[in-house]
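Summary of structural features
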Amino acid sequence: MPFRKEIAFRLAALTGLTEAEIETCLEIPPEAALGDYAFPCFILAKRLKKSPQAIAAELAGSIEPCEYFERTANAGPYLNFYLRRAYLFAKLLPQILREGPAYGRSMEGEGRTVLVDYSAPNIAKPFSVGHLRSTVIGSALCRLYRACGYKTVGINHLGDWGTQFGKLITAYRRWGEEGRLAGEPVQYLYHLYVRFHQEAVKEPQLEDEARSWFRRLETGDPEARELWGRFRDLSLADFQRLYRYLGISFDSYMGESDYNDRLTGTIELARTRGLLMESEGALVADLEPYGLPACLLRKKDGAALYITRDLAAAIYRHETFAFDRMLYVVGAEQTLHFQQLFKLLELMGFDWAQSCLHVPFGLIHFQDGRMSTREGKVIFLEEVLQKAVELAREIIEEKNPGLREKDRVAQAVGLGAVIFGDLINDRIKDVEFDWDKVLDFAGETAPYIQYSHARICSILRRAAEKNKGGSSAAGPAGEGAPLPGDAAQDWDLTCRQHICDTNRAAQGQALTLLGEPEEEALVITMSRFSEEISRAVRDNRPSCLARYLLELARSFNKFYHNCPVLTAAEKLREERLMLVAGVRIVLENGLAMLGIEAPQEM
RNA sequence: GCGCCCGUAGCUCAGGGGAUAGAGCAACGGACUUCUAAUCCGUGGGUCGUAGGUUCGAAUCCUACCGGGCGUGCCA
């Protein structure tokens, strides 16, 4: 809704401030009684040589009511704007119902392409909860940018190259058993990886052997290539199973190994730009003049490094996708790496280096220290997801044993809880892994939002049944709970029918009966949906949207407890049905942007 | 040593120049003959790490210090 812009436009004419300046100062008052938007007048005090209180009073007197705002009032140094309730109920609400799944989408990024590099697990290491953050944050960012009209390309830059493969080859040649590899590939490779590090403590020459095997891999040694290929394929298949389960997909799986034939060219380019010097047999870029430590592009044994492959990948991506922006959703511990990467790209003459952005996030750790794949101190994502889904299943069994499609609902709720748990907090914060928290489905969680959504669906379903004289259109059993993601079925027919009815009603009549504080709070909160999406995109922080959805769900639950829908008098019932149908749309669309399903029953 | 990040209620965290610092969890007390109690209502709970500074105004910006995390050339 264009409320902020409207205020900025009107105040710009009266104050001489620019619209952008005004928009950035606008706030939401701490109490509903103080209005819906507020402009603090302090910044004008000096210029006008008047007290902010006087300015607020003056402005309040010279702003006429309009379509959006029914009045303005000064409260101390603030100029407060009161949204026209009739507008919200009669215009915004029908708009939400009309747009349905499209509500919240915008075209603000039209014509621009954003690459998002995320997940990027190390092949041949099991997927741990540590990898979840990049996966879930990156996936949400893709969906959010897409919702804003950007063309997005999600890239899974697989960690399928590097010294760890030398380690694995070494370990497999020493202790490997064909049968075990075939049986449980990822678990077994992990076992070998841990064993390698255990043995390497006693036998340090293992590390040299591993480096040498990696070097042979790089030069195309057939035995090394053959083993690497098998490790890679087996692991990738396992990851893809997990991504499918999580409902996450990528546009490209190009990994580190895919850039091998571009490494020499990349190094040459850096050399011709005068960026490289030799030091102790290695090729080094001196970044000292830019306040960064020097970085190695090639080891003394001739093998390339992570940053070399990242340079090659970035160049390739810009050639291929001509992106306007590229995000690297990678842990904060790699901040320095990306500073060096971006600086090198710039020095190599790529002006698009400034379009590259590291989107860092904090570490997941245990109470007593960090997770470590090498030491075997990890929690597998698979285990977390399984436990969450199982628990959801138990709760369903206890609370709603008659529910159809229990497994699918349990999956939506369990996965939702885990995904949301990772998105709710500012990504930069470290998080302590805590089973109790992961398996908590009450309070600020996805199940809380999903439950609100399911309750609305239940109201809409009952209303539709009532309208049809008891005959249900929900399917053969009449109690169906189809889940989103099921193409044609993802929208319960009864709900759809009902929304069509209310939509027709909305066009024909003004909504005049709504006006309880809970009802106003709902529609005002809904009006902020697109603002919150924009903010999440602007700051690359899905947590903004996650928190907003909680607020809306909380607001709905208050309404639910204070304002009966089905038992209200007929006209009021119709209007309230429209209201909750709108809330349902926002909840479902918002959850979808976070990669979370919204079951219609739970 | 140097660099970056974090420090807000017992716990987990919002708020990132503006009105009386907010949620959830945990604790205690209430609400299911009424649209799903995975819910709602109420109570208690704060030197916003410390000390300075900038400002009409600081949890928010700056400086220093303290505490924790991460990084700091042959890993990714």
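Calculation criteria
- Residues numbered from 1 in each chain as written.
- Chains lettered and ligands numbered in written order.
- Predicted model: local features only at pLDDT ≥ 70, side-chain atom pairs only at ≥ 80, totals over all residues.
- Helix = DSSP H or I, 4+ residues; strand = E, 2+ residues; numbered from the N terminus.
- Buried ≥ 20, exposed ≤ 12 C-beta atoms within 10 Å, placed from the backbone.
- Contact = placed C-beta atoms within 7 Å.
- Domains from an automatic or database assignment.
- Pairing = 2+ DSSP bridges.
- Axes fitted to C-alpha atoms, helices over the stretch in contact; angles between N-to-C directions.
- Parallel < 35°, antiparallel > 145°, perpendicular 65-115°, else oblique.
- Nonpolar A, V, L, I, M, F, W, Y, C, P; charged D, E, K, R; others polar.
- Expected span 1.5 Å × (residues − 1).
- Near = placed C-beta within 6 Å.
- Core = buried A, V, L, I, M, F, W, Y, C linked by C-beta atoms within 7 Å.
- pLDDT = per-residue confidence, 0-100.

Helix and strand counts for chain A come out as 23 helices and 13 strands. Each of the three principal axes of chain A carries a C-alpha extent, and together these read 80 × 70 × 45 Å. Evaluated residue by residue, chain A yields a buried proportion of 41% over its 602 residues. Within chain A, residue pairs in contact and separated by at least 24 positions form 73% of the contacts whose partners lie at least 6 positions apart.

All right, on to the domain arrangement of chain A then. What the domain assignment reports for chain A is domain 1 (3-83), domain 2 (137-368) and domain 3 (440-593). Computed over C-alpha atoms, the centres of domain 1 and domain 2 are 52 Å apart.

The next thing to look at is the sheet that holds strand E3 (residues 78-83). Sheet strands line up and pair through hydrogen bonds in the backbone, either parallel or antiparallel. Taken together, 3 strands build an open sheet; the order of strands is E1-E3-E2 and the sheet is antiparallel. Strands at the two margins of the open sheet, each flanked by one partner only, are strand E1 (37-40) and strand E2 (69-75). Neighbour-to-neighbour, the strand axes of the sheet open up by a mean angle of 20°, direction not taken into account. The pairing of E1 with E3 spans 4 bridges and is classified as antiparallel. When the bridges of E3 are listed, Pro-40 appears paired with Tyr-78. Seen against the sheet, helix H4 (residues 52-62) touches E2 and E3 and runs at an angle of roughly 160° to E2.

Our next topic: the packing of helix H21 (residues 529-538) against helix H22 (residues 542-562). Contact geometry of H21 with H22 gives a least axis separation of 7 Å together with a crossing angle of 155°. When the interaxial angle is binned, H21 and H22 end up roughly antiparallel. Along its contact with H21, which presents Glu-532, Ile-533, Arg-535 and Ala-536, the element H22 presents Pro-542, Cys-544, Leu-545 and Tyr-548. Residue composition of the contact of H21 with H22, grouped by class: 6 nonpolar, no polar and 2 charged.

This part covers the pairing of strand E4 (residues 113-117). A large share of E4 lies buried, amounting to 4 of its 5 residues. Bridge count for E4 against strand E5 (residues 151-155) is 5 bridges, and the pairing is parallel. Looking across to E5, one finds that Leu-115 is bridged to Val-153. As judged from the 4 bridges shared by E4 and strand E9 (residues 325-329), these two strands associate in the parallel manner. Residue pairing across strands places Val-114 opposite Arg-325, the latter belonging to E9.

Let's shift gears to the environment of Tyr-290. Within the secondary structure, Tyr-290 sits in the loop between strand E7 (282-285) and strand E8 (295-298). On the neighbour-count criterion, Tyr-290 (12 C-beta atoms within 10 Å) is exposed. C-alpha separation for the pair Tyr-290 and Asp-422, spaced 132 residues apart in sequence, amounts to 35 Å.

Residues that lie three or four places apart on an α-helix share one face, since the helix turns once every 3.6 residues. A rise of 1.5 Å per residue sets the reference length of helix H14 (residues 335-347), with its 13 residues, at 18 Å; its end C-alpha atoms lie 18 Å apart and thus fit the reference within 8%. The secondary structure elements touched by the buried residues of H14 are helix H12 (263-272), E7, E8, helix H13 (306-321) and strand E10 (356-359). Positive phi appears at Gly-349, one or two residues downstream of H14, with a value of about 100°.

Quick look at the protein's contact with RNA strand B now. In the region of RNA strand B, 74 residues are neighbours, and Ala-38, Phe-42, Gly-162, Asp-426 and Gly-443 sit closest. A per-element tally of the surface near RNA strand B places helix H18 (residues 446-467) first, with 8 residues. Its residues assigned to classes, the surface near RNA strand B comprises 37 nonpolar, 19 polar and 18 charged.

As a further point, take the sheet that holds strand E11 (residues 364-366). Read across the sheet, 3 strands follow the order E12-E11-E13 without closing on themselves; strand pairing throughout is mixed. A single partner strand is all that each edge strand has here, and the edge strands are strand E12 (369-370) and strand E13 (431-432). Inspection of the sheet shows E11 paired to E13 by 2 bridges, in the parallel sense. Each bridged residue has a counterpart across the sheet, and for Ile-364 the counterpart in E13 is Val-431.

Turning next to the environment of Leu-336. Checked against the element boundaries, Leu-336 lands in helix H14. Separated by 292 residues in sequence, Leu-336 and Leu-44 have C-alpha atoms that sit 42 Å apart.

This part covers the packing of helix H7 (residues 163-175) against helix H11 (residues 222-246). Relative to each other, H7 and H11 sit at 100°, their axes nearing to 10 Å. Compared by their axis directions, H7 and H11 come out roughly perpendicular. Between H7, through Phe-165, Leu-168, Ile-169 and Tyr-172, and H11, the contact on the second element is made entirely by Ala-224, Leu-227, Trp-228 and Phe-231. Of the residues assigned to the contact of H7 with H11, the class counts are 8 nonpolar, no polar and no charged.

Positioned with a positive phi, Lys-49 is a non-glycine residue whose angle comes to about 55°. Following the sequence through the fold, Lys-49 ends up in the loop between helix H3 (42-48) and H4.

Formed by 157 residues in total, the largest nonpolar core has its most connected members in Leu-93, Leu-144, Leu-168, Leu-549, Val-583 and Leu-594. The biggest single contributor to this core is helix H23 (residues 570-593), with 11 residues.

Chain-level pLDDT for chain A is 90 on average; 93% of the residues reach the 70-or-more range. Confidence drops under a pLDDT of 50 for residues 470-492, and excluding neighbours within four residues, the segment shows 45 contacts in the predicted structure. Both scores are given for the predicted complex: the pTM is 0.93, the ipTM 0.96.

Here E2 pairs with E3 via 6 bridges, running antiparallel. When the bridges of E3 are listed, Ala-73 appears paired with Asn-80. In textbook terms, the turn of a hairpin is the stretch between consecutive antiparallel strands, and for E2 and E3 this stretch comprises 2 residues, one of which, Gly-76, has a positive phi near 60°.

The terminal C-alpha atoms of H13, which comprises 16 residues, lie 22 Å apart, in line with the 22 Å expected from a rise of 1.5 Å per residue. Listed as buried for H13 are Thr-308, Arg-309, Asp-310, Leu-311, Ala-312, Ala-313, Ala-314 and Arg-317. Buried positions along H13 lie against E4, H12, E8, E9, H14 and E10. Looking one or two places after H13, you find Ala-322, whose phi comes out positive at around 45°.

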